[in-house]
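Structural description and commentary
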Amino acid sequence: MGLRSFLTDAWSWLNYKPVMASTHDGRPHRALAPELQASWLPDDAVRRLAAYKLLAAYDSNQAGELAALAGNESAAERREFGEPSVFVDTALAHMLGKSQQIIVPGAEHASDDDPSPDAIAAAAVQQRIRDWAEAELLPLRMQAAERKAVLLGDGIYLLAWDPSKNRVRLKTYDPGFYFPVLEDDADPGDFPNRVHLAWETPEDPKQGIKAKLRRITYELGPIAPPTRSVTTREGLAGREPVEDGEGGLLLAPGDTYVQETGAIERIYPWAPDRLSAITCYLTDAEWLLEDLRHGQALDDLSLDKARFRTRGDGEVLHKLDLQIDFLPVVHISNSIADGEHFGQSSLAKVMQVLDELAETDTDSAKASATTGAPIIGLAGARAEVDRITGRPRPLAIQPGTVFQLSDGGSMDVLDTSGQLAELRARTEEVRDRAAINARLPAVSLGTVDPSDVPSGYALQLSLGPLDSLVDSMRLARAHKYVLLLKLVQRLHQAGRAEGWPVGETLAARLVFGPHTPTDRTAILDEVVKGVTANVLSLETGVRMLQDAGYPIEDAREEVRRIQVRAAPPKVKPRAAPQESEAGGGEQEV
């Protein structure tokens, strides 16, 4: 008898599900997702995609249906009332906060009386990024990507330059399409040098369309020999080199320089004083599934039978040089990486509790049916006989029904109200257990009556687990959004967008708003007392009001307005008396 192997990986918290580890090698059940058996799918991605599929089923109240497909026939009667979706939406809302703001450090000093050039540049970059975020609907796209990250553990952003709109476009992808090529000895925090976005397109016999595999690949590599202008010491391609007075060359952003050794380097707009030998290539190709050989991995597909897609301007997307030295793909992880590239779902620790909750709800629904329509036993009653079949007809029980019983007859009713009460209490107990383990207190889920909270301090203590949850989720995302905003700046520079000058990109960050309600009246009273007693500066007080949710866009500008209004009015000095031309007397002006 073969023993089942003990498997521990990033998704082993789902091993208790038969559909997740139904075979000896730990591969998921075929009913979980038939496409997981595709030959092109990397082996290390099978369990990840199966976990995504299982989590999506819980989010859409289809976990019972999925279990029934795997052979558990009783699971078809499972009652699911949306608790997983509520947990995900609650965690998402608290993580994002009430607002998100793009901040460039130093921009707040641009409104000073004598601002430095760095402060003015920071304010200009901040405004340009905010304008781009508004045009590209960044908050809306964040909602889509972050909900995937909270539910599945991962979210994907893709950036691309759009010459027709003259700005960077932001797209979100399902993490099930994301296949990074990770080196065995690479640190989990390092960025991969090659990333695939791949998915299958189903066939359509009516239109004669066959099943296809589409793969979009971004990869970093050495710069290929250019087909456009090249700057060399000999002035190839009709360009005269510009000497810098010390025997070197002055290059413009986008120029390519061929070294004497034959190495090809390029200068990028965000690093005008440094040459780089790396660029990013884009390949967008399709294969017919029938042309793929069995065992052919996604990263090793032959390009002989590939059909390359074309861009809107007719450019073939095969090893297209994007003239950037980074991958325009940003992976969002829901949890802090601990030796893993991929994140963990917010439902990971409470999956079994959610199963228990669904089973208890199912039992409660069955008990409720027997309580509302109880089972009745009659003794000594004469049942009406069906004239056709000759058999007694079932007794119909409804309000106003009267039964004639013979002598010694009786009626017994099966009372299940006690069991129903116990099941309802058990449901609340399991739901509280799930909320505690998910670090989502009842007050955050809206299931607590405000009058039951004894004090504000007690409310603050009850929100402690939620605070730690939000802090860890935001910490896992902080550097990814810094990277996203940095790539936005660089792509605008590479596209030579108006208003985006050449030079080093500034560090911009995304600041999330408060995740819990604040007592604005109490904070306002605290600020007034602190500023009046000179224990708080006016600047600190205004920032406290801004953090509390008051509509203050610029703290320094708000301080200036307050100081102007608080200053005493200037009295116009009276003019000196003058002698009149007529009599030499005094005349007041």
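Data block above holds the structure.
Attention in this report is confined to the structure presented alongside it. Since we're looking at a predicted model, the values are computed, not measured.

Of all hydrophobic cores here, the largest spans 111 residues; its most connected members are W40, Y157 and L347. The greatest single-element share of this core, amounting to eleven residues, is contributed by helix α10 (residues 464-494). Apart from the residues lying within four places of it in its own chain, the contact partners of W40 are F179, A198, E200, L213, L289, L292, Q296, A297 and L298. The next biggest cluster of nonpolar side chains, apart from the first, holds eight residues, and it includes I523, A548, A555 and V559.

Interaxial distance between helix α3 (residues 83-96) and helix α5 (residues 138-152) falls to 10 Å at its minimum, and their mutual angle equals 125 degrees. When the axes of α3 and α5 are compared, the pair comes out oblique. Along this stretch, α3 crosses α5, giving a crossing that reads as right-handed. Residues S85, V88, D89, A91, L92, M95 and L96 of α3 form the contact with α5, whose participating residues are M142, Q143, E146, R147, V150 and L151. For the contact of α3 with α5, the residue count by class is eight nonpolar, two polar and three charged.

Strand order in the open sheet formed by three strands is β3-β2-β13, with antiparallel pairing between adjacent strands. Looking at which strands have only one partner, the edges of the open sheet turn out to be β3 (167-173) and β13 (329-333). Between one strand axis and the next, the sheet turns by 25 degrees as a mean value, whatever way the strands run. Sheet analysis places strand β2 (residues 154-162) next to β13, joined by five bridges and oriented antiparallel.

A few words now on the packing of aromatic side chains. As enumerated under the stated definition, the model contains nine aromatic pairs in all. Both rings, one in W11 and one in F342, keep their centres 6.2 Å apart while their planes meet at 50 degrees; by these two values the pair is tilted. Pair noted here: W11 is in the segment before α1 (46-59) and F342 is in the loop between β13 and α6 (351-372), with a separation of 331 residues, a long-range link. Each of the two residues, W11 as well as F342, counts as buried. In this structure an aromatic cluster arises from ring pairing among W11, Y178 and F342. Above the face of the W500 ring, R128 is positioned so that its terminal group lies 5.0 Å from the ring centre. The ring of Y281 carries K319 above its face, with NZ or CZ at 4.7 Å from the centroid.

The next thing to look at is unusual backbone geometry. Despite not being glycine, N166 shows a phi value in the positive range, around 60 degrees. Here N166 is to be found in the loop between β2 and β3. One non-glycine residue, R496, lies in positive phi territory at about 55 degrees. Counting through the fold element by element, R496 comes out in the loop between α10 and β16 (509-512). Look at R496 and you get exposed, because its relative accessible area is 60%.

What follows concerns the packing of α3 against α6. Put simply, α3 and α6 touch, their axes get as near as 10 Å, and they point 135 degrees apart. In terms of axis orientation, α3 runs oblique to α6. Facing E83, P84 and F87 of α3, the residues of α6 in contact are L354, L357 and D361. In terms of residue class, the contact of α3 with α6 is built from four nonpolar, no polar and two charged.

On to helix α13 (residues 555-566). Taking 1.5 Å of rise per residue, the twelve residues of α13 would be expected to cover 16 Å, and the 16 Å separating its terminal C-alpha atoms lies within 8% of that figure. Inspection of α13 places A555, E557 and V559 among the buried residues, and these make up the whole buried set. Tucked into the core, α13 has its buried residues touching α12 (538-547).

The rules behind these values
Residues numbered from 1 in each chain as written. Predicted model: local features only at pLDDT ≥ 70, side-chain atom pairs only at ≥ 80, totals over all residues. Heavy atoms only, no water. Core = buried A, V, L, I, M, F, W, Y, C linked by side-chain atoms within 4.5 Å. Buried < 20%, exposed > 50% of the residue type's maximum accessible area, 1.4 Å probe, protein only. Helix = DSSP H or I, 4+ residues; strand = E, 2+ residues; numbered from the N terminus. Contact = heavy atoms within 4.5 Å. Axes fitted to C-alpha atoms, helices over the stretch in contact; angles between N-to-C directions. Parallel < 35°, antiparallel > 145°, perpendicular 65-115°, else oblique. Left-handed = near helix turned anticlockwise from the far one by under 90°. Nonpolar A, V, L, I, M, F, W, Y, C, P; charged D, E, K, R; others polar. Pairing = 2+ DSSP bridges. Phe/Tyr/Trp six-rings, centres within 6.5 Å; stacked < 30°, edge-to-face > 60°. Lys NZ or Arg CZ within 6 Å of the ring centre and 35° of its normal. Expected span 1.5 Å × (residues − 1).

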